[in-house]
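The chain contents come next:
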Amino acid sequence: MSLDGRPRPAVERDSAPWWAALARHELVLQRCAACATWRWPPREMCNRCGALSWAWEPASGWGTIASWIVNRHSFSDAFASPYVVVAVRVAEQDDIVMFGSWAGAADGSDLHAGLAVVAGFDDVSVAEGDDPLALLRWAPAPGDAAPPGGS
Amino acid sequence: MSGAHPLRDRAAVAGVGWTEYSKWSGVSTLTLALRAIAAALEDAGLTHADIDGVACHRVADSVQAVVVAQSLGITDLRYHLDLFGGGSCSASVVGSAAMAVATGMAECVVCWRAVNARSEFRMGGTGRPAPDTVEFQYQAPYGYATPPQQFAMYTRSFLDTYRVGAEDLGRVAITQRRHAMDNPRALMRAPLAMEDYLASRWIVEPLRLFDCCLETDAAVAIIVTSAERARDLRRPPVLVSGAAFGSGHNLFSNHRGDLATTAAAAMAPRLFASAGVGPADIDVAELYDAFTPLVLQQLEDYGFCGRGESAAFVADGATALGGALPVNTHGGHLSEGYVHGLNHLAEAVSQLRGDAGVRQVAGAEVALSTGQPGYVAGSTSAVVLRSDR
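Residues numbered from 1 in each chain as written. Chains lettered and ligands numbered in written order. Predicted model: local features only at pLDDT ≥ 70, side-chain atom pairs only at ≥ 80, totals over all residues.

1. As for the sheet that holds strand S3 (residues 54-58) of chain A
Residues and elements named next belong to chain A.
Next up, step 1: The three strands lie next to each other as S2-S1-S3, forming an open sheet whose pairing is antiparallel. Strands at the two margins of the open sheet, each flanked by one partner only, are strand S2 (38-39) and S3.
Next up, step 2: Sheet analysis places strand S1 (residues 28-32) next to S3, joined by five bridges and oriented antiparallel. Residue pairing in the sheet places Val28 in a bridge with Pro58 of S3. (Pairing = 2+ DSSP bridges. Helix = DSSP H or I, 4+ residues; strand = E, 2+ residues; numbered from the N terminus.)

2. Some details on the environment of Tyr79 of chain B
Residue and element names in this part refer to chain B.
Next up, step 1: Position of Tyr79 relative to the elements: it lies in strand S3 (residues 79-84).
Next up, step 2: Residue classification places Tyr79 among the buried residues on the basis of 21 C-beta atoms within 10 Å.
Next up, step 3: Residues Tyr79 and Arg35, 44 residues apart in the sequence, show an inter-C-alpha distance of 21 Å.
Next up, step 4: If we skip the residues at most four places from it in the chain, Tyr79 touches Asp52, Gly53, Ala100, Met105, Ala106 and Val109. (Buried ≥ 20, exposed ≤ 12 C-beta atoms within 10 Å, placed from the backbone. Contact = placed C-beta atoms within 7 Å.)

3. Focus: the sheet that holds strand S2 (residues 53-58) of chain B
Residues and elements named next belong to chain B.
Next up, step 1: Ordered by their spatial adjacency, nine strands build an open sheet running S3-S2-S4-S7-S1-S8-S11-S10-S9, and the pairing between neighbours is mixed. If you trace the sheet from one side to the other, it starts and ends with S3 and strand S9 (284-286), each paired once. Going from strand to strand, the sheet's axes swing by 25° on average, the running direction of each strand aside.
Next up, step 2: Pairing of strand S4 (residues 108-116) with strand S7 (residues 217-226), which is carried by nine bridges, proceeds in the antiparallel orientation. When the bridges of S7 are listed, Asn116 appears paired with Asp217. (Axes fitted to C-alpha atoms, helices over the stretch in contact; angles between N-to-C directions.)

4. Digging into unusual backbone geometry
Across residues other than glycine, the phi torsion is negative in most instances, and most of the peptide bonds are trans.
Residues and elements named next belong to chain A.
Next up, step 1: Cis geometry marks the peptide bond from Trp40 to Pro41, where omega comes out at 0°.
Next up, step 2: Inspection of the secondary structure assignment puts Pro41 in the loop between S2 and S3.
Next up, step 3: A cis amide bond links Ser81 to the next residue, Pro82, at an omega of -5°.
Next up, step 4: Tracing the sequence through the fold places Pro82 in the loop between strand S4 (62-71) and strand S5 (83-90).
Next up, step 5: Of note, the phi angle at His25 is positive, near 65°, even though the residue is not glycine.
Next up, step 6: Considering the arrangement of structural elements, one finds His25 in the loop between helix H1 (16-23) and S1.

5. Describing the environment of Gly303 of chain B
All names here are of chain B.
Next up, step 1: Turning to its location among the elements, Gly303 is positioned in the loop between helix H9 (292-301) and helix H10 (310-315).
Next up, step 2: Classification of Gly303 as partly exposed rests on a count of 18 C-beta atoms within 10 Å.
Next up, step 3: Along the backbone, Gly303 and Leu198 are 105 residues apart, and their C-alpha atoms lie at a distance of 29 Å.
Next up, step 4: What Gly303 contacts, discounting residues up to four positions off in sequence, is Ala268 and Pro279.

6. What about helix H4 (residues 147-162) of chain B?
Next up, step 1: With 16 residues, H4 of chain B should cover 22 Å at 1.5 Å per step; its first-to-last C-alpha distance of 22 Å lies within 8% of that length.
Next up, step 2: Of all 16 residues that make up H4 of chain B, 12 are buried, and the element is covered over most of its length.
Next up, step 3: Of the positions making up H4 of chain B, those classed as buried are Pro147, Pro148, Gln149, Gln150, Phe151, Ala152, Met153, Tyr154, Thr155, Arg156, Phe158 and Leu159 of chain B.
Next up, step 4: Here the buried face of H4 of chain B lies against S4 and S5 of chain A together with strand S5 (202-205), strand S6 (207-208) and H9 of chain B.
Next up, step 5: At the C-terminal side of H4 of chain B, Arg163 of chain B shows a positive phi close to 50°. (Expected span 1.5 Å × (residues − 1).)

7. Side note on the interface of chain B and chain A
Next up, step 1: Each partner contributes residues to the interface: chain B has 33 residues there, and chain A has 35 residues.
Next up, step 2: Looking at the side of chain B that touches chain A, the elements that each hand over two or more residues are H4 and S5 of chain B.
Next up, step 3: Among the elements that make up the side of chain B that touches chain A, the one with the highest residue count is H4 of chain B (six residues).
Next up, step 4: Tallied by class, the residues present in the side of chain B that touches chain A amount to 16 nonpolar, 11 polar and six charged. (Nonpolar A, V, L, I, M, F, W, Y, C, P; charged D, E, K, R; others polar.)

8. Points about the confidence of the model for chain B
Next up, step 1: Counting all residues, the mean pLDDT for chain B is 94, and 97% of those residues have values of 70 or more.
Next up, step 2: In the model output, the complex is listed with pTM 0.95 alongside ipTM 0.94. (pLDDT = per-residue confidence, 0-100.)

9. Side note on the pairing of strand S6 (residues 97-102) of chain A
All names here are of chain A.
Next up, step 1: In terms of burial, S6 is largely enclosed, as six of its six residues are buried.
Next up, step 2: As paired elements, S5 and S6 share five bridges and run antiparallel to each other. Counted as the bridge partner of Arg89 is Val97 from S6.
Next up, step 3: Pairing geometry for S6 and strand S8 (residues 133-140), over two bridges, is parallel. Along S8, the bridge assignment pairs Trp102 with Trp138.

10. Re the packing of helix H5 (residues 166-180) of chain B against H9 of chain B
All names here are of chain B.
Next up, step 1: Relative to each other, H5 and H9 sit at 95°, their axes nearing to 8 Å. The angle between the axes of H5 and H9 places the two elements in the roughly perpendicular class. Contact residues: Asp168, Leu169, Val172 and Ala173 in H5; Thr292, Pro293, Val295 and Leu296 in H9.
Next up, step 2: Residue composition of the contact of H5 with H9, grouped by class: six nonpolar, one polar and one charged. (Parallel < 35°, antiparallel > 145°, perpendicular 65-115°, else oblique.)

Set out below in structure tokens:
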């Protein structure tokens, strides 16, 4: 897809590895090396135990719908209304909420709180020499698959 | 801590000033600020030479505080606060000014908000510069950026959790419109019926047009000085009885997964303790209302009604003039105009002076004025004001 005038993410030093992973179609989260708490967006300190040691770990890509909006007013010519933005609680830890586009209905009629969803990736065309970029597009979880178990 | 809170009733509002509200001021935010400050000085019976402190909040949409200080001719500025933030900071500006006065850092601090929020910088508009937040990168590429979009995301969670419906939001807008009809300053004074509300266009579901505040060109100024000095001035003092700052949360605040409760819930006990009052002592409440659901949520989070009971509280007429707790007696941001919380503080002062005309809450002695309750911004604030009787 092309961003066509849409805002590009203002990638910075903390977030660059997360965006680079997303461009590889990998969803990652930080995890505290001391207390194993997940966190996102990227921050140097664990806001539960205060430790500075952490690592990037792969996330399952599963989650549930926390909320969503249906944009009707045109806030920007770059986005054709109606369109949906979802807020997803990631499966690893339900107090981590991540945004994205919605692969389902443009009026959100197929959404409800708690709906199981999986992450997908939209590649964005970038200028030659720029870092590759992808954005999140969440989709309904396949009905015959089980969400990841786990801690 | 034993004894009264050290801030309690030490500082007072001595003057209030407004510019005209419009969709096109035709002047700079500096000019708006100076006009509102001049009106507040006149109200207080003070001159610009009496001011030794300045305090404002803004989001890169208004003139710097020190430029206003220089324009007032202050050569020995003793207190300055130029706070980055929107309505979450409105009450903290006045609370900070009260602290500066109570500690003796300054004698007379002018607080203001000056915005061309309609004709220059539209919070909900296009061409808006990126806010000063690292979190914007995770939202903006999806077309998720403006306040109505962000508040709509929380609103759905509140509506789902407490089974609040469109008509419950509509009653907030209608109640406040009724108040604005008696307010000559208000931009929206035509009657609003439920069918008008329900027929208004979607902005971003679940918010309709009449759930959203009015982007306005205006300034409001408030002069804070010591209670002792205020008693010698032109108008009856309105005491800053208590103030509190709170920790807001947004969708990036890990470990705060409850999207339906605002930061006011945790702050309210501290605020009321600072003033030595409880919710039952509040005679009139000016609650930050960038969007209708914030009023319902604050009624619950400040303890005026139980969890999930705010819609019934409003439907029963409690928040209307003549009700148990009149709310947003000026019409609020929804119908008076959007001056980022300073107009709520000014209305509270009018009510406690007995100046509110046909909108007057009989015998009003204690008022609550709140900032935006903490979504998006990561902070909130509120003050309790009291008449000096």
